Each structure stands twice: as C-alpha cells, then as structure tokens.
Amino acid sequence: DAGVIQSPRHEVTEMGQEVTLRCKPISGHNSLFWYRQTMMRGLELLIYFNNNVPIDDSGMPEDRFSAKMPNASFSTLKIQPSEPRDSAVYFCASSFGGAETQYFGPGTRLLVL
Amino acid sequence: AQKVTQAQTEISVVEKEDVTLDCVYETRDTTYYLFWYKQPPSGELVFLIRRNSFDEQNEISGRYSWNFQKSTSSFNFTITASQVVDSAVYFCALASGSGGSNYKLTFGKGTLLTVNP
C-alpha cells in the first residue's frame, strides 16, 4: 500500500509569494496532521483534522497559514504571503484515529528567499 | 504538560557496537503512548514502535529492542550490533492527554546516531 504522499518534495520561492503544499493520506485513515520541522523548534504540530474537520489549529503560526481538507484523500497547507522564516520541512501524517500511530509522508522542504 | 527529554544529542559508535538511546518522559496522565521514530539522512520520518502505558513488556524486533520502565519514566532504545545503515536521527515521542486530546505528539529533540565503518 502507498504511504502518505506529499507534493512538492522541494519548493523554492520568493518572499511574498503564495505557497501550497499538498498531502494525500493513507487510504482508510481518518486523522490527518500537518507538522513543521526546524532546527530551532524541532517538530511542531500545526493542525489536526479528524474526519476532514479541523479539530486543533492552535499550532498554526499566524493568519498567513491556512489548511483545508475538502475530502478524506486530500489536504492542503497554504502560506500567503510567504516569509523567509517559514523556511522549514513540512510533514503531513495520517492515522486511523487520533491516538493511533501516525505515519509520516516524506516531507516538503520549503525555502523562502 | 507533556515533555520528552533525549539527553544525548549525538552518539558516535563503530560498526557492530551496541548502542542505547535514552528517552525520559513527563506526563500526569495515566494513559499515554510512547513512540520511536527514525529520520535517516534522506529526511523522512519512519515509525519504529508504539507502546501504551499499560504494557511494560520489553520488546525485541531483530537488532532493535526497547525497555519501558514506568518507575523511572523511561523508554530506552537499544540497537545491537549496529550497522552503518542505522545512522540517523532518532526521535522519542509521547502522546497523552484527556478529553480526546491524546493525539498530540510531543517529540524529544532527537539523538543523532552515527555508525562508523
């Protein structure tokens, strides 16, 4: 079975541009998570969806970040406008339920110049 | 509040040595879950093991073994006869919380393991 799929794998953009990261969770999983990994802050949970509904977005840095899950097989994380401090690796993860094992995608390496 | 401490920032060993990665956790919840993930140089996060707080049995999987001790709030990971392919950053993580909030993974800062040939 396919694991969590993320695209793009790498993204280089200029400050002020809109960035959209995409995620396809493992089929059958009903929980989806977006994480950000930086050297300074480690792995941080940005937002958690259960059955396509956002349950916890307390980790979303600010209004420039938004996430959607229009159906069970697709989610997006959007940054508009992007800033250099948004440079990080963004991971999507999915699980069968909130407390179950989270399986991570390969990540998207974002560089904002 | 939940906290995971991986005191070893970096460990370097020679191939075939045994190595133990330490993990100490803090939580006030009686039900919680502990995890280990591996992040190789390629960058993905690979799930290794999940343990719930009611199961203190140690586990062995090939060259990997885990020692869970509630008395010391530790969940240590040992690699026996290490190999170069074991070189990676290893993260310990904790999921706990009441009222349906036990989805939140609190990660340690990770231990960089380098296995030299």
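Note that the structure is predicted; figures quoted are calculated from it, not measured.

**Q** Tell me about the pairing of strand S8 (residues 64–69) of chain B, and name the residues and values.
**A** Residues and elements named next belong to chain B. The alternating pattern of S8 places Tyr64, Trp66 and Phe68 on a buried face, while none of Ser65, Asn67 and Gln69, on the opposite face, is buried. Two successive antiparallel strands, strand S7 (residues 59–61) and S8, enclose a turn made up of 2 residues, where Gly62 displays a positive phi of approximately 60°. For S8 and strand S9 (residues 74–79), the ladder comprises 6 bridges, and the chain directions are antiparallel. Of the residues in S9, the one forming a bridge with Gln69 is Ser74. Here S8 folds back onto S9 in antiparallel fashion, the turn holding 4 residues, of which Ser73 has a positive phi close to 50°.

**Q** How would you explain the nonpolar core if you had to name every residue and give the values?
**A** Within the largest apolar cluster, 23 residues are counted, with the highest numbers of intra-cluster contacts made by Trp36(B), Phe77(B), Tyr90(B) and Leu113(B). Sort the elements by how many residues they give to this core and strand S10 (residues 88–96) of chain B lands first, with 4 residues. When near neighbours in sequence (up to four residues on either side) are disregarded, Leu113(B) contacts Ile11(B), Val13(B), Val19(B), Ile79(B), Asp86(B), Ser87(B), Ala88(B) and Tyr90(B). Within the second largest apolar cluster, 21 residues are counted, among which are Ile47(A), Met60(A), Ala67(A) and Leu77(A).

**Q** If you had to explain the sheet that holds strand S8 (residues 74–79) of chain A to someone new, which residues and values would you point to?
**A** All names here are of chain A. Within the open sheet, the 4 strands sit side by side as S1-S3-S8-S7. Their pairing is antiparallel. Whereas interior strands pair on both sides, the edge strands pair on one side only; in this sheet they are strand S1 (5–7) and strand S7 (65–71). If you compare each strand with its neighbour and ignore which way they point, the axes differ by 15° on average. Pairing between S7 and S8: 5 bridges, direction antiparallel. Opposite Ala67, over in S8, you have Leu77 as the bridge partner.

**Q** Could you give me a rundown of the interface of chain B and chain A, with the residues and numbers involved?
**A** Chain B puts 15 residues into the contact, and the matching count from chain A is 18 residues. Contact between chain B and chain A buries roughly 1,500 Å² in total, counting both sides, with carbon and sulfur atoms accounting for 57%. In terms of surface lost to chain A, no three residues of chain B exceed Leu45(B), Tyr103(B) and Phe107(B), which account for 39% of the buried area on that side. Across the salt bridge formed by Lys104(B) and Asp56(A), the nearest N and O atoms sit 3.4 Å from each other. Linking chain B to chain A there are 5 residue pairs in polar contact (both at pLDDT 80 or more). Per-element tally for the side of chain B that touches chain A: the top contributor is strand S5 (residues 32–39) of chain B, with 4 residues.

Conventions we followed
Residues numbered from 1 in each chain as written. Chains lettered and ligands numbered in written order. Predicted model: local features only at pLDDT ≥ 70, side-chain atom pairs only at ≥ 80, totals over all residues. Heavy atoms only, no water. Buried < 20%, exposed > 50% of the residue type's maximum accessible area, 1.4 Å probe, protein only. Helix = DSSP H or I, 4+ residues; strand = E, 2+ residues; numbered from the N terminus. Pairing = 2+ DSSP bridges. Core = buried A, V, L, I, M, F, W, Y, C linked by side-chain atoms within 4.5 Å. Contact = heavy atoms within 4.5 Å. Axes fitted to C-alpha atoms, helices over the stretch in contact; angles between N-to-C directions. Buried area = accessible area lost by both parts, 1.4 Å probe. Salt bridge = Lys/Arg side-chain N within 4 Å of Asp/Glu carboxyl O. Polar contact = N/O pair within 3.5 Å; in protein donor to acceptor, adjacent residues only side chain to side chain.

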